[in-house]
Structures are given as C-alpha cells and as structure tokens.
Amino acid sequence: MGDDNHGSDGGQNHSWDGFDFNTWGEPAADGSQLPANHDDPDASAHADAGAGQWVSSGGVLKWEASGDEEGEPDPRAEAASHWGDEDVELPPGAPEPLRIRATRAWLLRQRAFEGDAVGYLLLERRRLQEGSADAAEDADGSGHMDADAEDPLALALAEHQAAVQEYEALVEMLDNCLAHNGPAQALMEFYMRVTDRLADLAAVPEALVESGAEVPTGARTPTPRSQAEWRGCAEASLHTRKRVEHITAPEPED
C-alpha cells in the first residue's frame, strides 16, 4: 500500500478536513460474500473462564490475576480467546490491564479475520485466473493476463490487505502506548492516537470521494485502488475507536 493514503496531503486546509466518520463506516458491499467476522462460539462459551477476581486482603481490595493473565500471551491464542469477543463482559471495576488485553485481543482477531478474507480472495482470484488463462490460450495460444486490471476482486483484495496492515499498525501503536505510558494511561493515549489517525485519513482526497463530493482542481485524483486501500484503513481505525469506547464505557449504575 502506498503512502498516498496517509498524511494530510501537503498540510493544506482542504474542504474534506471535516469528514464525518460518525456517519460513515457501514460494511462494504463487496464484503457480503466473504467469510463472516463472527466470534468463535467455542471461545465465547468460555467467556467467564480465567477472568481473575477481586479479593480482599486486610481490608484492601485488589485484583488477583488468573494464570492466563500472566506472561506474554501467544497472539494466535489471544485472538481466539474470549477477550477478543465483540460483546466481551469484563468483571465489575475491571483494572486497566484487563481492558487493554480485551482491546489487544480484539485487534488481533480483526487482523486474523482480514487475513482470512485475503486468503479467500486469493484463492478465488487463482480460480478465475486459471479459467481466464485457459480461455486465452484457446483464443491466441498465450496464457497472458493483465495483472494490473482494476477488477472488483482486485479492489476487494487491496481493501482487505490494507486493513491487515492497518490492524498490524494499531497493535504496534497500542503496545507503544503501554510501554511509554503504563497501563493507567495507555488506552487514553491509544484512543487519542487513533482519533488523530482518523483525522489524517479524513484529510486526503479519498475521503472526499467517499463522501460524494468533488475533488478540487489541482488536487491528487484518487484511483479505484487507492480508494479501496483508504476504505480498508479507515474502517479498521474507525472500528478500533469504537472498540476502545466500548471497553472504557462507564459501568451502568445499579
């Protein structure tokens, strides 16, 4: 994915700087045929397993971690765990490390979902290419195909590949926030960085096209591929911000 999808297009104050991500972000139409991004039922069935507990010691309430909260968890196992569930239920007054873990596991699961979609699309493209190559050989004796054709499958592939890269960058961003700010401030810092990322994405011509407006004369004209890549990045960052909002939402009063 090129650098065209990042930054603020030279820092100029364009009319699309106020792109409203609150009214954008519905699933792309081309995703309807892809594997569904649903929670693993086996993982969800154990939503309460290994969640740790609050214990009182000498009149002081403190969190007692369970075995699966200690050490550096395996990313693949973490993505499949109940911590990555969309509707994960954290214990009342959950400490920040648990909220961070629920955010990171979700990011890892979304990255895995997007990777699965990429694999599905690659297999589908290979199947179609084999059929097209056979037809081309019958017609002119060659199996040459135009690898640069911007067909819907290629655009869907570009979108999901961009989303994979975006989630990878977001995991790294969260880890950096934790390393530099500690558990108490990590999610707040991460939320602000994700919001800044969305502001950057809203300041490129692709955002203007997505909102249905015209690109000003002299501005870079988005291509179908850059538009697909922008959509993959923007949806990943937007959904991540919503995840943090869910994880950090105040608990309902009794």
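All figures in this text were calculated on a predicted structure; none of them were measured in a lab.

(A) Representation of the overall build of the protein chain. If you tally the helices and strands in the protein chain, you get 7 helices and 2 strands. Of the regular secondary structure in the protein chain, the N- to C-terminal order runs α-β-β-α-α-α-α-α-α. Put simply, the protein chain has 254 residues, and 39% of those count as buried. Within the protein chain, residue pairs in contact and separated by at least 24 positions form 75% of the contacts whose partners lie at least 6 positions apart.

(B) Broad picture of the side chain of Arg243. In this structure, Arg243 sits in helix 7 (residues 224-247). For the buried Arg243, which has no salt bridge, the nearest side chain bearing the opposite charge is Glu86, at an N-O separation of 4.6 Å. Separated by 3.3 Å, the side chain of Arg243 and the backbone oxygen of Glu86 make a polar contact. Ignoring anything within four residues of it in the chain, the contact list for Arg243 reads Trp83, Gly84, Asp85, Glu86, Val88, Ala102, Thr103 and Trp106.

(C) Seen up close, the pattern of salt bridges. In the structure shown here, the tally under the stated rule is 10 salt bridges. Here Asp85 makes a salt bridge to Arg109, at a shortest N to O gap of 3.0 Å. Placement of the pair is Asp85 in the loop between helix 2 (75-80) and helix 3 (96-140) and Arg109 in helix 3, with a sequence separation of 24 residues. Residues Asp85 and Arg109 agree in their burial class; the two are buried.

(D) Representation of the environment of Ser81. Here Ser81 lies in the loop between helix 2 and helix 3. Spatially, the C-alpha atom of Ser81 lies 7.5 Å from that of Ala105, the residues being 24 residues apart in sequence.

(E) Layout of the nonpolar core. Within the largest apolar cluster, 20 residues are counted, with the highest numbers of intra-cluster contacts made by Leu107, Tyr167, Leu170, Met173, Leu174 and Phe190. A total of 6 residues in this core trace back to one element, the largest contributor, which is helix 4 (residues 152-181). Sequence-distant contacts of Leu170, defined by excluding residues within four places in its chain, comprise Leu107, Phe190, Val194, Ala236, Ser237 and Thr240. Core analysis: the second largest hydrophobic core is formed by 11 residues, Ala162, Ala202, Cys233 and Ala234 among them.

(F) The arrangement of helix 7 in detail. Between its first and last C-alpha, helix 7 extends 35 Å over 24 residues, near the 34 Å set by a 1.5 Å rise per residue. Within helix 7, 18 of the 24 residues are buried, which leaves the element mostly enclosed by the surrounding structure.

(G) Just the packing of helix 4 against helix 7, in detail. The geometry of helix 4 relative to helix 7 is characterised by a closest axis approach of 7 Å and an angle of 40 degrees between their N-to-C directions. Taken together, the axes of helix 4 and helix 7 are oblique relative to one another. Remark: the crossing between helix 4 and helix 7 carries right-handed chirality. Residues Ala154, Leu155, Ala158, Glu159, Ala162, Ala163, Glu166, Tyr167 and Leu170 of helix 4 form the contact with helix 7, whose own contacting residues are Pro224, Arg225, Ala228, Glu229, Arg231, Gly232, Cys233, Glu235, Ala236, Ser237, His239 and Thr240. Class assignment for the residues of the contact of helix 4 with helix 7 results in 11 nonpolar, 4 polar and 6 charged.

(H) The side chain of Gln227, seen in detail. Along the chain, the position of Gln227 falls in helix 7. Reaching out from Gln227, the side chain makes a polar contact with the side chain of Glu210 at a distance of 3.2 Å. When residues no more than four places from it in sequence are discounted, the contact partners of Gln227 are Glu206, Val209, Glu210 and Pro222.

(I) Looking closely at the packing of aromatic side chains. Summed over all chains, the structure comprises 1 aromatic pair. Where Trp106 meets Tyr167, the ring centres are 6.1 Å apart and the plane angle is 80 degrees; that geometry is what we call edge-to-face. Of this pair, Trp106 sits in helix 3 while Tyr167 sits in helix 4, placing them 61 residues apart in sequence. For the pair Trp106 and Tyr167, a shared accessibility class is recorded, and that class is buried.

So, how was this worked out
- Residues numbered from 1 in each chain as written.
- Predicted model: local features only at pLDDT ≥ 70, side-chain atom pairs only at ≥ 80, totals over all residues.
- Heavy atoms only, no water.
- Helix = DSSP H or I, 4+ residues; strand = E, 2+ residues; numbered from the N terminus.
- Buried < 20%, exposed > 50% of the residue type's maximum accessible area, 1.4 Å probe, protein only.
- Contact = heavy atoms within 4.5 Å.
- Lys, Arg positive; Asp, Glu negative; His and termini not counted.
- Salt bridge = Lys/Arg side-chain N within 4 Å of Asp/Glu carboxyl O.
- Polar contact = N/O pair within 3.5 Å; in protein donor to acceptor, adjacent residues only side chain to side chain.
- Core = buried A, V, L, I, M, F, W, Y, C linked by side-chain atoms within 4.5 Å.
- Expected span 1.5 Å × (residues − 1).
- Axes fitted to C-alpha atoms, helices over the stretch in contact; angles between N-to-C directions.
- Parallel < 35°, antiparallel > 145°, perpendicular 65-115°, else oblique.
- Left-handed = near helix turned anticlockwise from the far one by under 90°.
- Nonpolar A, V, L, I, M, F, W, Y, C, P; charged D, E, K, R; others polar.
- Phe/Tyr/Trp six-rings, centres within 6.5 Å; stacked < 30°, edge-to-face > 60°.

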